[in-house]
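Examination of the molecular architecture
The chain contents come next:
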Amino acid sequence: MEIPAGLPRAQGLYDPRRERDACGVGFVAHIKGKKSHDIVSNGLTILNNLTHRGATGADPLHGDGAGILVQIPDAFFREEMAKQGVKLPKAGAYGVGMVFLPQNPAARSACVREIERAIANEGQVLLGWREVPVDPTSLGHTAKGTMPVIRQVFVGAGRDQLDRDAFERKLYIIRKASGHAIRALGLATAGQFYVPSFSHRTIVYKGMLLAHQVGEFFTDLRDKRFVSALALAHQRFSTNTFPTWDLAHPFRFIAHNGEINTLQGNLNWIRSRQATIHSKLLGPDLDKIWPLIYEGQSDSASFDNALELLVMGGYPIAHAMMLMIPEAWAGNPLMDAKRRAFYEYHAALMEPWDGPAAVAFTDGKFIGATLDRNGLRPARYFITEDDLIVMSSEMGVLDIPQSKIVKKWRLQPGKMLLVDIEHGHIVSDDELKRDLAAERPYQDWLDRTQLRLEDLPSPGAVPTPDTDKLLDRQQAFGYTQEDLKMLLTPMAVAGEEPVGSMGDDTPVAVLSNRSKPLYTYFRQLFAQVTNPPIDPIREQLVMSLVSFIGPRPNLLSPDSTEPVMRLEVAQPILTFEDMEKLRRASESTSGHFVSEILSMCYPSEWGVEGMEPALARLCADAEDAVRKGVNIIILTDRDTSAELVPIPALLATAAVHHHLVRAGLRTRSGLVVETGSAREVHHFACLAGFGAEAIHPNLAFATLLDIKDGLPQMVDDKELVKRYIKAIGKGLLKVMSKMGISTYQSYCGAQIFEAVGLNTKFVEKYFTGTPSAIEGIGLAQVAEEAVRLHRQAYSDAPLYRDRLDPGGDYAYRIRGEAHVWTPDAIAKLQHSTRSGSFATYKEYAKLINEQSERLMTLRGLFEIRCAPTPVPLEEVESAKEIVKRFATGAMSLGSISHEAHSTLAIAMNRLGGKSNTGEGGEDPIRYVPLPNGDSMRSAIKQVAAGRFGVTTEYLVNADDLQIKMAQGAKPGEGGQLPGHKVSRYIAKVRHTVPGVGLISPPPHHDIYSIEDLAQLIHDLKNVNPAARVSVKLVSEIGVGTVAAGVAKAKADHVTISGFDGGTGASPLSSIKHAGSPWEIGLAETQQTLVLNKLRSRICVQTDGQMKTGRDVVIGALLGADEFGFATAPLVVEGCIMMRKCHLNTCPVGVATQDPELIKKFAGKPEHVINYFFFVAEEVREWMAKMGFRRFEDMVGRSDMLDMRRGVEHWKAKGLDFSRLFYRPPVDETVAIRWTERQDHCLDKALDHHLVEKARPALDSKRPVQFESAIFNRNRTVGAMLSGEVARRYGHAGLPEDTVHVKFKGTAGQTFGGWLAHGVTFELEGDANDYVGKGLCGGRIVVYPSKDCPIVPEENIIVGNTVMYGAITGEAYFRGVAGERFAVRNSGATAVVEGVGDHGCEYMTGGTVVVLGKAGRNFAAGMSGGIAYVLDEEGDFSQRCNLAMVELEPIPEEDRIAADAGANVELETHGKVAIDHVAGDDGATIKALVQRHLLFTGSERARRILENWATYLPRFVKVMPLEYRRALAEMAQEQARRGGTAKGAEVRAND
Amino acid sequence: MGKITGFMEIARKDRGYEPVTERIKVYREFVRALPDADMGQQGARCMDCGIPFCQTGCPVNNVIPDWNDLVYRGHWRQALDVLHSTNNFPEFTGRVCPAPCEAACTLNINNDPVAIKSIEQAIVDKGWIEGWIQPEAPARKTGKMVAVIGSGPAGLACSQQLARAGHAVTLFEKSDRIGGLLRYGIPDFKMEKHHIDRRMAQMKAEGVTFRTGVHVGVTLKAKEILADFDAVVLAGGSEKPRDLPVPGRELSGIHYAMEFLPQQNKVVAGDKVAGQILATGRHVVVIGGGDTGSDCIGTSIRQGAKSVMNFELLPKPPDQEDKPLTWPYWPLKLRTSSSHDEGAQRDFAVATKRFEGEGGKVTSLTACRVEWVKDEKGGMAMKEVAGSEFTIPADLVLLAMGYVHPVHEGIVADLGVEKDARGNVKATTDGKGCYATSVAKVFAAGDMRRGQSLVVWAIREGRQCAREVDAFLMGSSDLPR
C-alpha cells in the first residue's frame, strides 16, 4: 500500500490504514462571485476560530494538518509568472498544479520529469514551474522534518482544448497518469510526492499545519493580489501524531468532517467496476485513471477520488454528491415521488458512501455542502446583506456585525446547500433536487428497468423444505441443541433476536476443541469515538434493507441510453418462493435475468485436501458464467449429502465475490447464497459483509417448520417464516447500525469484520482486506472442521444418531463447549474468599490459569519469562499498594441490586481501589460516609449515552469520570431498562418516573467524532477539574488508533475492554460476536500510544474476564497500568452465573430488583477485599519470579512474554503472537507507562472570571448580576461555575436567579452545560451545539442580537443536541434549534420556536413547547415527559414518530379559564413547576409562552398570546403511552393517599 | 427452561413414604410416587442455570435442566431420551442414589433444591410403563469380542454401551444372578430386583451374553479370557470389607454386612437359604453409620429385631451444613435414612473396644466414647474419653464399615495388573490411555478401580470405560463419554 510520508510503516499491531480523523470545516463565498482578498483572509480567520476542533500531538507546534481551497487568483499568478518571463494565457486557458515534491533532489527531478512527460503526452503545454514561497519558522520540528518541496506547475491548454471542461479532464488525466508513473518508479522517497490540486479553476494550499500556520506558512495567501470568490477551509484532528502533509484537507473537491464507515466495501465496488465501466466523455483516457484509489488512502481522500471520477465523467458536482451521499429515501413517506424516483434510480448505480459526514465541496463554479442522511455533523451558515455566505461547523467563526446578517440557518440531515457562483445565487435544497429530479424521466426509466422480486409471477409450485435426513443435515452444518432452543425458537415466537446476560467465557473459535462454524472466526466491528453507531429502532427512518440483485448499470452513463434491468428486494432474506422465482428468472423476465446455480459442495471422498481445488473450480465456474451472460449467481449447498461435503458458505461466498471483484466482473452479476449453514444473525451479517446480495437459509426454515409443534405457541408456517425473517432483518439492522451503516446496500461487501484466529495467507486469498492480528488456522483446518462435522453427521455413531450436539455456548454443558467459569472455579473462588483461605484461592487460580489441557484464552497460551534469579518475595511491592490499581466494573444500579452495588463500593473504598457507578446515577446519600467510617460512594462515575442521573452534584463527587463509549458485551449498542424494572428507588436515582421504561441510545449524542469527544472531556473537566476523565473503549482492530486520538483529546485515562465483558442484558449475537479479546486491543493500544509518544499522558486500564493475578500480570506486561474486574467480584458476592440478569430472577439477590430475591443477597465487603488481596498476592509471586520489585517496572514489558512452547492443539498451533508482543523501538526518553498529567488548558476558561464575579453568591448566597462578552472559542461556559455551586450546595443549588449573567456574542459549544440551580444565563446573540447539556436546575435564555434584522422564528438560534440529558431547569430560545432538541431530557422545561429532526428523542420527563415547525422523527423513543407542538399547518403527525407516543388535542378554552390562576407563580420570576398529573395543558402552555415572552421578548410569543383562542387549538400534545399509564397510576395512588394534585411526592416533574 | 419464576412460586414437594408401621412388615419398595402433574410442577422449579451445578454434581453428568424442562412441559418421552443419553439405568439411580445433584442444585444455596432424583425416577418409570424403553441393537456388528467381569452397575453399563457399539460382549458374574451389589447389597425395600431383570432382558436383546456362576480368576482362568477376547474389562467391585480386629471378634453372631444382606435378598427372590443369619428377636448392633449400615438396620427391623443400635466412630455431624463453604459439594451433615426412622438408635463418636460372649456366641459389646483432635500434622486423630466405657447387649453384630479395596485373590492376582496405593486396580480416568490397566487390552472400571463408591459413579465409569475400549478396538469412538 501507499503510505503517506510521515506515517510509520505497519509494525506490530499498528497499521497506518486504521488512522482516523475528524475536523472543523468551513467555507466563505461571495454569492455573486465577486473575487476579493478578503474572502481568502476570511477563510483563514475561520480556520483560526476552529482551532479548538483540531488537535496537537506531543509537540504543541505540531498540528494535524490544515488547509484552504480557493479559486485560481489569475492576476496574482500572471504577475508572479511574468517575473520569470512566463506569459500566462488568458484566465481559464491554463491550469495550475500544486505539487508536493520529495526533498531528495534526484527523486524530485524524476517526479518533475514524469509530470512534464504526462503534460506532453496529453497534448497540453508546459508553461513553467513556480517555487511556492513558504515561511517555515513557526512550524514544529517534526513538520519541518517532513516538509516537501512545494511547487506549482502551469499548464496551458493544447490547441484542441476549446471546451473548459474538456481541458479540466485533461488536467485530471495528466495528474493521474503522472502519479501512476511516479509510483511505478518505486522511489524510496515517493511518499513525499503528492498533488494537492491540479485544475484550471481551483487550487489547494495545505499541509501539516496548525490552523493559524496556514496563512503564516504560505506567504501567497497574505498577498493582496491573491483573490478568490470562495475559500474552503479545513482543520484536521487526527488520531495520530505523525507528520503527514498530504492527509490534510481540503482535497481537490472536498473538505470532510466525519468518517466513511463503508470504505472497504466502497473501494471493492469501485474496483469491481473497472472492467465494465466506460465513459463517452473520457473515452480511452478512462483506462489511464486506474487504480482510481490507491490502497491505504484515507476515507476522505478516497471519497474525493470517487467524486472526481463522477465529475470528470460528466455529473454536475451536486448531482455527484447526491449519488454518493443520498438522503434517506427508502422509508420516507414525505418525499415527493419524483425525488424518490431520482434516488431509487441512482441507488443501483452506486452504493452510498455511508457514515457521518459534513462534506463541503466545490469545483470552482459551485460551492456547497451536504450532510449525511442522519445529520450527524454540525454545519451552520449565515448570509449577509452584502452577499457573503459563511458555512462552518460552528457559528461565530467570523466576526461579522449582527446587523448585516439576513439569514442564519443550518444544514439539515441529507440536505444540501449550494451556491452557484457563476450565476450568483443560492440554490435551495428543494429547488436543486426538484430540478435534478425533473431533469430526466427517472420514474419512467425505473418503470422500464426496475423489477421487484415480489412482483415477479409466483412460480406456482414451490418446493417444500426437504425434511429428509434433516438431523444429518443439521449436523453437517454444525447445528446444536442450543441453536434450536436459544436462537431459532425465540426468533420464531417473538420475531426478535434473543437476549442473554453475563459475558462470554468460552474460548475463541481457534482455541476451541470443537468444530466451529467459520462465521465464528469473524468478529463484528463497531463504531466508537470516531463515528457514531445508529439507533436502528428509534432512527429507523434512515435505515434500509433494500438490496439489488444482479448487474449494476454503467456508473458513467447517467442518461440511461443503455438501460440495464435491475432487480430489487425489499430485504435480503429470501423465502422458498423467492428462490424459486430467482431460479426461473429467465422465463419471467424475458431473459433479462439469467440465474445459474453453482454448488458449494464437493465429493466427500476428496476429503480435506479437496476443498482448495473445489473452491478454485467454483470461482472459475462463476467467472465463466458471468462472462457468458449469467447475471445472478446462486451459490448453493442444498445438495449436501453423505457423498457431498459443503464448503463453508461464507468461504465460498467471499471467494467468489473477491474473485469477481478482481476480475472486474462483480457488478455484472448478482450473488445469492442458498445455504444450510446460516441460522443466526451473525451468519447473515458475515455473508452480507462478504458480498451476498441475498441469502436463503433453507435449513433454518426447514428446521423451524420441523420444530413448529414444540414451540410455546401455535404459529402457522407462513407466519413462522415471516417472524424469523423479521428477527434476522432487525438483527442485521442492528449489526449494520453498530458500525454506523444505515443501508444494506453499502453494508454488502463492506467487510466490517476482523478475523481472529485465521492466518494471513488464507484471509488475503479469500477475504482480501480483512484484518487479522494473531494468525491462526488456514484452509486446511477450516476444511478439517467442515469435513469432521460432515463425517459425524453421516456416521451412524450413537452419539449423533438421534440428537444434536448440546452446544454449550450459552449455558454450561459438560459435553458442550468449554467455559472458563466452571462449577469448580466458582466454588473455589467463593469458598476461598469467604473463609479467607489463600490456599483455596490458589486452587481456584490454578483452574483458571493452567490451560495446558483446556485452551480457553489467548493469554492462556502465553508463557511468562522468569528471571534467572528471582527477587525475594518480601522485596516486592506490597499487596496494599497493588490493590490500588484495581477497580470494579461499571455495573449499574438497576442491572445489579443496591446491596450488591454498595457492597462493592464499600470494599473498594476500604481497599483504596475504585468502584464504578455504572450507568444510572448514584443516590446522593452515598456521598455521606457511614457511621462506621465506610463509604458507599463510587469513586468512578460513569457518563453513558443515556446520561441518567448525571447531575452536577454527581460529577463533582467523582475521582474518575468515565465516558462509556462502548461495552464489551454489546459494543455499538444502546440499552433499555423496561418500565417494570424502574422501581421508585431507581427512578429517583436516575431522575425519572417509576414504571416508565428508559432507553440508552447507542451513541452519545454529543460524540459523533473525535473532536466531539475532546469537547465532552473538556466539559467534564470543567465541572470537576480534579477528576480524571476516562474513556472506555472495547477491543477491536484499530482501537489503538482510537486510543491515541482519545489521548490527544486529552483524556486522562482510557479503558480497553475485552469483548468478553459482562452485561445485564444484551442480544446473544452481540455477546458472542462483537469485539475482540483485550490482549489484542491492549497490545495495539500500547504500541500505538508509544509510537505516538502519547503513552506517558494517559493511564491505561484493561478489563474483560479478569480473574487472577496472572491475568493482571499479563495485562501489565502488555501495557496496562490499571485493571478492572467485574464478574469475579460478583461471583465473590454470590453470583453463580445464572445468566438470568435480564429476567430479574437472580436467585442470589445480585442481579435483581425483586425485593424477595434481594433478601437472599449474602455478599460481604470482607469477601471482596479478600479476593483483591489474593489477586495482589498472586501478582507479587509472579513479580518475584520475573524479578520485578515495583509494579510500574512491569508495565509494557511485553518482552517478558512468549508463546507457550509445544502447543499441539490442531487449531491453536497456527497462532502467532509476535505482533502482540512487539515493542516499538523508541529511545529511553519515551515513556511506556503513565507518568504525567494532561494539560487541559482550563486556565483559559471564561468561568474563572464568572466564578470570581459570583463569589458573593457562592460564599453567602448573595445575588449577583453582571455582563460578559462571549465568543465561540469560549466553550463550556458555566460548567465550572456550576461545579462550584454543586460542591457547596449539592443538587439543590442556590435560590432562584442568585447568579444572573448576561452574555453578548456567539457562545461556543456546551453553553450552560450542567448549569446549576440558582444560575441564570441570558445570551443576546446565538449559540452553538450542546446548549444546556445536563442542565441541572439553572435557567438559560437565548435571543438574537437586538440589531440583527433576521426574523427570529425563521432563523437558527442554537445548534444541535440542545439540553442533552438535562435533569431539571428551564430554557427559552427565541428562534429555531437544530437536530435532537431536548434529547434524553429527564425533567427540564423548554420553549423554542422550531426544532430540527429527532426532537425530544429518548425524552423521559420534562416539558417542551415548540412554537413552530418540528422536524422529522419527533418523539422517537420518548417514554416520558410531555411536548406541546404548535402545528399550524396540521402536518405534524406525519413527522412525529408514533411508536411510543400518541397525539392528543388540547382541551377546550373554557376548561382552561376555569383553571386560570392555578399557576400564579408562573407570572413571576419563580421557578416553573409543572404538574403533569393534574394535566392542565392549556394553562401550562399559556404560562410557558408568557414566560418565553417575558424572558426573550419573543414577537411570536406575543402574537400567540394575543390570539390565544385561535392558537390554542392548533397545539398538539405529544403524550408518551407509558408515561400516561404511569401518571394514571400516580393519580390513583394520590387519590388513595388522599393527597392533592399538588402533592410533592407524586410530582412527575421535579 | 422450567418456568422462569417457578422457583419463587412453587415449594419443593417430594415423594412420601408409606408409614413405618406398614412398610416394616414387608420388603417391597415403600416410596410413593407423585402424580405427573406434581412432578411437572417440581420440574418448573428448575432455573435452567447458566452453569447447572447439578450437572457436575451428578457423576454421570445428567443433563438435568433439559429434562426438568421437558417434564414441566409434559414432554416425557423426550425427557426419557435426554435422561438415557447420559445414564443407562436411571431406575437404579432414581432409587438408590444419594443425589449429589441435589446438593449441588443452585436452589440449594438458599432454598430447597429441585426434586431431581424423584423426577428422574418418574421419567424412567413412566418410560417402562409406556413401553418406550426398547432394546437398541446396533446397526452393525464389529466382530470384536469383549469380556466384562463383574455385573454390578459398572459392568452392566459398560456392557450395554459396548454392545450398542456393535461389539460382542460377554458379561461374567461369579454369583448366581446378575447385578452385583445392586442385586445382593441393596435390600428390596430400597430397590426391587425386577428392575434389574428388565434391563437384562433389554441388554440380551442388544446382544450381551450373560454368564453367571463363573468366577473369573478362580473357576475360569485369566489366560483363557485373554485368549478368547479382544478386550477385557475388570468391573468386579471393591468387595474386601473393613474388619474390626478387637477382642471377641471371633465370636459367632458377628458378621459382615455383606454376609447378612444378600441372604435376605435371596429369600425375597424365592430362594431357600439354609442357616440364614436373622435378626429376629435379637439385640442388633450395626457398626458403621453409612448406607450399608442403614440397609442392615432396615433389614434387621423387618426381620423383627428386639432392638437395633447403630454406632458411628466419627462425631455426630452438624444438622445443617455450612452452605457458603460447602455448596455445591457434597456436604458433611447428619443424614437420617428411612431405615433410621424405622426404629434404630444411633450413637456417634463411639469406638468398639471388645465383644463379649457366652458359648462362643456374642452377647454384648463394650465401647467407649472418643473425641477427635488435631494432631501435630494437622490431621484428625481419635482419642478415647477417659472413663467413658460402656457395655450394651448385642447378640447380632453387623459390621458395615466399608470396603478397603477389591478382592485381590482371583482375577487381580491372576492377571497381575498393577495396583494403586490403596490396593485398587490402577488406571486413570482422563487423557490418553485412561481406564487401561497395566496389562495390555485389560481395562478396569467402577469400584474395582476407584474403590468403594456410589452406584452412579460405577455407571459413569462403566460408560467411560466402554468408550475407551471401543476406541482401543476401533481406533476411535463415537460412544458418548
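This one's a predicted model, so the numbers in the text were calculated from it and none came from an experiment.

Rules used throughout
- Residues numbered from 1 in each chain as written.
- Chains lettered and ligands numbered in written order.
- Predicted model: local features only at pLDDT ≥ 70, side-chain atom pairs only at ≥ 80, totals over all residues.
- Heavy atoms only, no water.
- Core = buried A, V, L, I, M, F, W, Y, C linked by side-chain atoms within 4.5 Å.
- Buried < 20%, exposed > 50% of the residue type's maximum accessible area, 1.4 Å probe, protein only.
- Helix = DSSP H or I, 4+ residues; strand = E, 2+ residues; numbered from the N terminus.
- Contact = heavy atoms within 4.5 Å.
- Pairing = 2+ DSSP bridges.
- Buried area = accessible area lost by both parts, 1.4 Å probe.
- Salt bridge = Lys/Arg side-chain N within 4 Å of Asp/Glu carboxyl O.
- Polar contact = N/O pair within 3.5 Å; in protein donor to acceptor, adjacent residues only side chain to side chain.
- Axes fitted to C-alpha atoms, helices over the stretch in contact; angles between N-to-C directions.
- Parallel < 35°, antiparallel > 145°, perpendicular 65-115°, else oblique.
- Nonpolar A, V, L, I, M, F, W, Y, C, P; charged D, E, K, R; others polar.

A word on the nonpolar core
All names here are of chain A. F522, L651, F767, F886 and L1033 are the most contacted members of the largest nonpolar core, which has 313 residues in total. At 12 residues, the largest contribution of residues to this core is made by helix α39 (residues 1165-1186). Apart from the residues within four sequence positions on either side, L651 is in contact with L518, M611, L615, F762, Y766, F767, L779 and V782. With 110 residues, the next largest nonpolar core counts M321, I325, A348 and I405 among its residues.

Notes on the pairing of strand β45 (residues 1319-1327) of chain A
All names here are of chain A. Within β45, 9 of the 9 residues are buried, which leaves it mostly tucked inside the rest of the structure. Two elements, strand β44 (residues 1299-1307) and β45, share 9 bridges in a ladder whose sense is parallel. Bridging from a neighbouring strand, A1307 pairs with A1327 of β45. In terms of strand pairing, β45 meets strand β46 (residues 1336-1343) through 5 bridges, oriented parallel. Its bridge partner lying in β46, E1322 is registered against V1341.

Looking at the interface of chain B and chain A
Residue-level contacts link 41 residues of chain B with 37 residues of chain A. Counting the surface lost from both chain B and chain A, the interface buries some 3,300 Å², and carbon and sulfur atoms represent 58% of this. The largest share of the area that chain B buries against chain A comes from I51(B), Y329(B) and D478(B), three residues that together contribute 17% of it. The tally of links between chain B and chain A comes to 3 salt bridges. With a shortest N-O distance of 3.8 Å, R813(A) and D48(B) are connected by a salt bridge. Mapped onto the side of chain B that touches chain A, the elements with two or more residues apiece are α1 (6-9), α4 (53-57), α5 (64-72), α6 (76-84) and α16 (323-326) of chain B.

Let's talk about unusual backbone geometry
Note on backbone geometry: most residues besides glycine have negative phi, and most peptide bonds are trans. All names here are of chain A. Omega for the bond connecting H249 with P250 falls within 30 degrees of zero, at -5°, which places this linkage in the cis form. Put simply, W290 and P291 share a cis peptide bond, and its omega is -5°. With respect to the helices, strands and loops of the structure, P291 is situated in the loop between α7 (263-273) and α8 (299-312). Positioned with a positive phi, W1314 is a non-glycine residue whose angle comes to about 55°. Within the fold, W1314 resides in the loop between β44 and β45. Overall, the relative accessible area of 1% leaves W1314 in the buried class. Phi is positive for T1361, which is not a glycine, with a value near 55°. Relative to the elements of secondary structure, T1361 occurs in the loop between β47 (1356-1358) and β48 (1368-1373). Classification of T1361 as buried rests on a relative accessible area of 2%.

Examining the side chain of H1317(A)
Residues and elements named next belong to chain A. Inspection of the secondary structure puts H1317 in the loop between β44 and β45. A polar atom in the side chain of H1317 sits 3.4 Å from the backbone oxygen of A1292. Within the local environment of H1317, its side chain forms a polar contact with the side chain of E1296, the two groups lying 3.2 Å apart.

Focus on the packing of α7(A) against helix α18 (residues 649-662) of chain A
The axes of two packed helices give the description: the angle between them and the distance between them. Residue and element names in this part refer to chain A. Packing of α7 against α18 leaves a shortest axis separation of 7 Å and a crossing angle of 50°. Judged by the inter-axis angle, α7 sits oblique to α18. Of the residues in α18, those touching α7 at N268, W269, R271 and S272 are H657, H658 and V661. Broken down by class, the residue content of the contact of α7 with α18 amounts to 2 nonpolar, 4 polar and 1 charged.

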